[in-house]
Each structure stands twice: as C-alpha cells, then as structure tokens.
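# A look at the structure
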Amino acid sequence: MAQLLFDDDVATGLSPELAVDAARRAVVDAYQGRLQAPPRLHAQLADSELVFTAGGYPAGMRGVRIYQTGLLASDQAVLVWDGEGHLAGCVVGLELGARRTGALGAVAADALARPEAGIVAVIGSGRQAWTQLWALTAVRAASEVRVHSPTEPHRAAFAGRARRELGLEATSVPSARQAVAGAEIIVLATRSVRPVIEAAWVSEGAHVTTVGPKTVSAHETPVDLAARARLVVSDSPSQASAYEEAFFTERALTHLGGILCGELAGRTSDADITLYASTGLAGSEVVLAAALLDRPSRLAPGRNSPVGKASSGCEGSADRPRASS
C-alpha cells in the first residue's frame, strides 16, 4: 500500500544526515547522467500556474513534484514510484521542498567550506533559513551562530529555536554586518530583491550560500561578491542558464557534482571565498522523498525499496554523459 506523508512526518522522520546523504547522491547522479530530470513543465490556470518537475533512474525509482505559483501558500505533492511501477508513496506539504534545499546547501558547504569552519551567519529567519541551518548540522559543528533579519521578534525566535532544537550557541544580532563579520559560513535566505550584505563585509576564506532571488533585476547577493569569489557553484548550472531572466552574475557556474567527484576544482586555499548559488536541482526532491519512504520502519513487508537503482557515489566512465559545468 502506498504511504501518504505530511509535514509532521517529514519533520520527525527526515534527519539532517539522511537528507544530506540523499541530496549528495542526487547532485552526483545528475552530474554523471544517472539521475534524469527533464525541464520543468508549466500549466497556466486562471489565477495561478501548476508546475511539474520530474526525476528518476532508468529501470529504477522515479517520481514527480507538483506545486502552484501565484498563491501565498500552496502545498506541494511529491509522488514516488518504485522500479516495478508501484506507487511507493506521496509526500504532501512544504517541509520536504524546504529541507531538500537546505540539504543541497549543506552538501555545498561540506564540499566548499573550510573543514574547521564553525562561525555561522544566517541572514533571514524564515523556513528556508531554518532548513539551511538544520541541514548544516550534519556536516559542520557550529561553534557560534549569528542570526539577523529585519524583524527583531522573528530573529530572536529563530535563535531561540536553534538553541532548543539544534543545541547551537545561537544569538540574534541587530545588523547584517554584525552577523557576517568574521563568519566562516554565511547563509543568505531572504526574499530581498536588493543585496542584504556588502562584499567587503565577507572575510577571506568564507563560504557563502545564497538561496533567495538570483536574477539581474532582483538578487540578495552583491554582484561584486560573486566577482570576488574564487568560484561560483551551482547544483544545476543548466537550470540557472534557463532562467527567464538572466542570472545575477556573468561568472561561469561550476557544477557542484563535478567538485564532489573530483573532476572540477573547488576550494584551492584557505583564503578562497566560495559562493554557492542554489537553483533547486530538479529531481532531487524525488530522491529525498524516496529516502524518507525507504526508511526501514516505513517500508512495507515484501515491497522493494523505492530508491531502486540510485547510486551512492561517483563512478568514473569515459563515455558517461556529464552535465554542463
């Protein structure tokens, strides 16, 4: 019988470690051509738009995500089929998508931030900011977390939640500059159409993740920070190039999967500034949903794992197709 999961199931059942492992697998498999994810499909309705993203493995797990745009709050649905064509389950709500984005950010931080990086700045106090910090706990031991957002009660509540639920030394600070100064990992997770920090505030050796707007006319990250960075990385450079409006930086985007596989250069020195621009790799939400449905406590007796043919690492092959870097 297919499973039906909701936000509470995701929040209690999806650990940072499980999410990051699935996200890493999705990025590597997409780069190496194993995870197939065609372009998004759009269906225009009267007052909104339905968007479909799909992803899967030949003769293995596959699925689809459906969500609406143009509405203030709209649940998403992720359906997963196993390799035999059985519907393994459906995950409904907002948590899976946000935690998928957070897990992709943590994969990038693990690959690009200095191993000892422990001072974290979070600009933003919403769901996306939270899931970035939540997932980061799987790859780095934060010694200090500074949180800034424009509304003091919101950032104070975020810091308090980080202390209670994640056991982090988190504090609310009154300015973005105060949060960023000396930080070794910086997370930008806002809806701002203008830069929320200045490039000069970012210390040498820092890693920066940007989750919010990333187009020429609307971007939370300074263009001169992208110019200053040693490299600008994305989970899907091809998706970034397909934006209706041009990306906020003209810098070439390096594929995160290529760095994970050792085929593309990442950080080369402790002084490098690295920038990860999240695009939300299509198909990765299906891989995370499958990992959640595949937990032993949830797998029905006699049923095959929905993950099917998914890979867990890089495989060298001269004739394997590679995603563009």
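Residues numbered from 1 in each chain as written. Predicted model: local features only at pLDDT ≥ 70, side-chain atom pairs only at ≥ 80, totals over all residues. Heavy atoms only, no water.

### Some words on the environment of Phe247
For clarity, the cut-off: Here a helix means four or more residues in a row that DSSP labels H or I, a strand means two or more in a row labelled E, and each is numbered from the N terminus. Note on contacts: a residue pair qualifies if any of its non-hydrogen atoms lie within 4.5 Å across the two residues.
Mapped onto the secondary structure, Phe247 falls in the loop between helix H8 (237–241) and strand E13 (253–255). The sequence separation of Phe247 and Pro58 amounts to 189 residues, and the corresponding C-alpha distance is 32 Å. When near neighbours in sequence (up to four residues on either side) are disregarded, Phe247 contacts Lys214, Thr215, Val216, Ala240, Leu253, Ala277 and Thr279.

### Side note on the nonpolar core
Counted only if it meets this: To qualify as a nonpolar core, a set must consist of buried Ala, Val, Leu, Ile, Met, Phe, Trp, Tyr and Cys residues joined through side-chain atoms within 4.5 Å. For every residue, the accessible area (1.4 Å probe, protein chains only) is compared with the maximum for its type, and the residue is labelled buried under 20%, exposed over 50%, or partly exposed between those bounds.
Counting residues in each nonpolar core, the largest one holds 61 residues, and the members touching the most others are Leu14, Val80, Leu96 and Val145. By size, the runner-up hydrophobic cluster in this structure holds 28 residues, among which are Ala183, Ile186, Ala240 and Leu275.

### Things to note about the sheet that holds E13
What counts is decided by this rule: Only strands that DSSP links by at least two bridges are regarded as paired with each other. Whenever a helix is involved, its axis is fitted only over the stretch in contact; in every case the axis is a line through C-alpha atoms, and angles between N-to-C directions fall within 0 to 180 degrees.
Read from one edge to the other, the open sheet built from eight strands follows the order E9-E8-E7-E10-E11-E14-E12-E13, with strand pairing classed as parallel. The sheet is open, and its two borders are formed by strand E9 (170–172) and E13, each paired with just one other strand. Adjacent strand axes in the sheet meet at a mean angle of 25°, parallel and antiparallel pairs treated alike. Taken together, the four bridges between strand E10 (residues 185–188) and strand E11 (residues 207–210) define a ladder with parallel strand orientation.

### A short note on the pairing of strand E12 (residues 231–234)
Of the two faces of E12, the one carrying Leu231 and Val233 and the one carrying Val232 and Ser234 are both buried. Across four bridges, the pairing between E12 and strand E14 (residues 274–277) is parallel. Of the residues in E14, the one forming a bridge with Val233 is Tyr276. Examined bridge by bridge, E12 and E13 share three bridges and lie parallel to one another. The partner of Val232 across the bridge, within E13, is Leu253.

### Describing helix H4 (residues 127–136)
With eight of ten residues buried, H4 lies mostly within the body of the structure. Of all the residues in H4, the buried ones are Ala129, Trp130, Thr131, Gln132, Leu133, Trp134, Ala135 and Leu136.

### Let's talk about the pairing of strand E2 (residues 41–44)
Pairing geometry for E2 and strand E3 (residues 49–56), over four bridges, is antiparallel. Pairing of His42 across the sheet is with Val51, part of E3. Hairpin connection between E2 and E3: a loop of four residues separates the two successive antiparallel strands.

### Considerations on the packing of aromatic side chains
Here a ring pair, both rings aromatic, is described through the centre-centre distance and the interplanar angle of the planes. How we decide: Only Phe, Tyr and Trp rings take part, Trp by its six-membered ring, and two of them pair if their centres are within 6.5 Å. Stacked means planes under 30 degrees apart, edge-to-face means over 60, and tilted covers everything else. Whether a charge sits over a ring depends on NZ of Lys or CZ of Arg being within 6 Å of the ring centre and within 35 degrees of the ring normal.
Across all of its chains, the model carries three aromatic pairs by this definition. Here the aromatic rings of Phe247 and Phe248 are separated by 5.5 Å at their centres, their planes lie at 50°, and the arrangement is tilted. Pairwise contacts between aromatic rings join Tyr243, Phe247 and Phe248 into one cluster. The positively charged end of Arg99 is found above the aromatic ring belonging to Trp134, 4.6 Å away from the centroid. Looking at Arg161, its charged tip hangs above the ring of Trp130, at a distance of 3.8 Å from the centre.

### A short note on the sheet that holds strand E1 (residues 3–5)
The strand order across the open sheet built from six strands is E1-E6-E5-E4-E3-E2, with neighbouring strands paired in mixed fashion. With one partner strand each, in any of the chains shown, E1 and E2 form the two edges of the open sheet. Strand-to-strand twist in this sheet, taken as the mean axis angle between neighbours without regard to direction, amounts to 15°. Here eight bridges tie E3 to strand E4 (residues 62–69), and the two strands are oriented antiparallel to one another. Pairing of Gly56 across the sheet is with Arg62, part of E4.

### Structural notes on the packing of helix H2 (residues 16–31) against helix H3 (residues 95–112)
Counted only if it meets this: What sets the label is the angle itself: under 35 degrees gives roughly parallel, over 145 gives roughly antiparallel, 65 to 115 gives roughly perpendicular, and the rest give oblique. Amino acids outside the nonpolar list (Ala, Val, Leu, Ile, Met, Phe, Trp, Tyr, Cys, Pro) and the charged list (Asp, Glu, Lys, Arg) are all regarded as polar, and Gly is one of them.
For the pair H2 and H3, the least separation of the axes is 8 Å and the interaxial angle reads 75°. Comparing their axes, H3 and H2 come out roughly perpendicular. Residues Ala19, Val20, Ala23, Arg24 and Val27 of H2 lie in contact with H3, whose contacting residues are Ala103, Leu104, Ala106, Val107 and Asp110. Class assignment of the residues belonging to the contact of H2 with H3 gives a composition of eight nonpolar, no polar and two charged.

### Observations concerning the confidence of the model for the protein chain
Using the following cut-off: Residue-level confidence of the predictor, termed pLDDT, takes values from 0 up to 100.
Looking at the protein chain as a whole, the pLDDT averages 92, with 91% of positions reaching at least 70. Between residues 298–304, whose pLDDT stays under 50, and residues either more than four places distant or in other chains, the model counts 16 contacts.

### A short note on H3
Put simply, the rule reads: The span you would expect from a helix comes to 1.5 Å times its residue count less one.
The end-to-end C-alpha separation of H3 is 26 Å, in line with the 26 Å expected for 18 residues at 1.5 Å each. By the criterion of burial, H3 is predominantly enclosed, with 16 of the 18 residues buried.

### What to know about the pattern of salt bridges
How we decide: One speaks of a salt bridge when a side-chain nitrogen belonging to Lys or Arg is within 4 Å of a carboxyl oxygen belonging to Asp or Glu.
As enumerated under the stated definition, the model contains 13 salt bridges in all. Notably, a salt bridge pairs Arg99 with Glu95, separated by 2.6 Å at the nearest N-O pair. In this pair, Arg99 and Glu95 both sit in helix H3, four residues apart, roughly one turn of the helix. We classify Glu95 as buried; its relative accessible area is 14%. Between Arg146 and Glu144 there is a salt bridge whose closest N-O contact spans 2.9 Å. Since its relative accessible area comes to 29%, Glu144 is described here as partly exposed.

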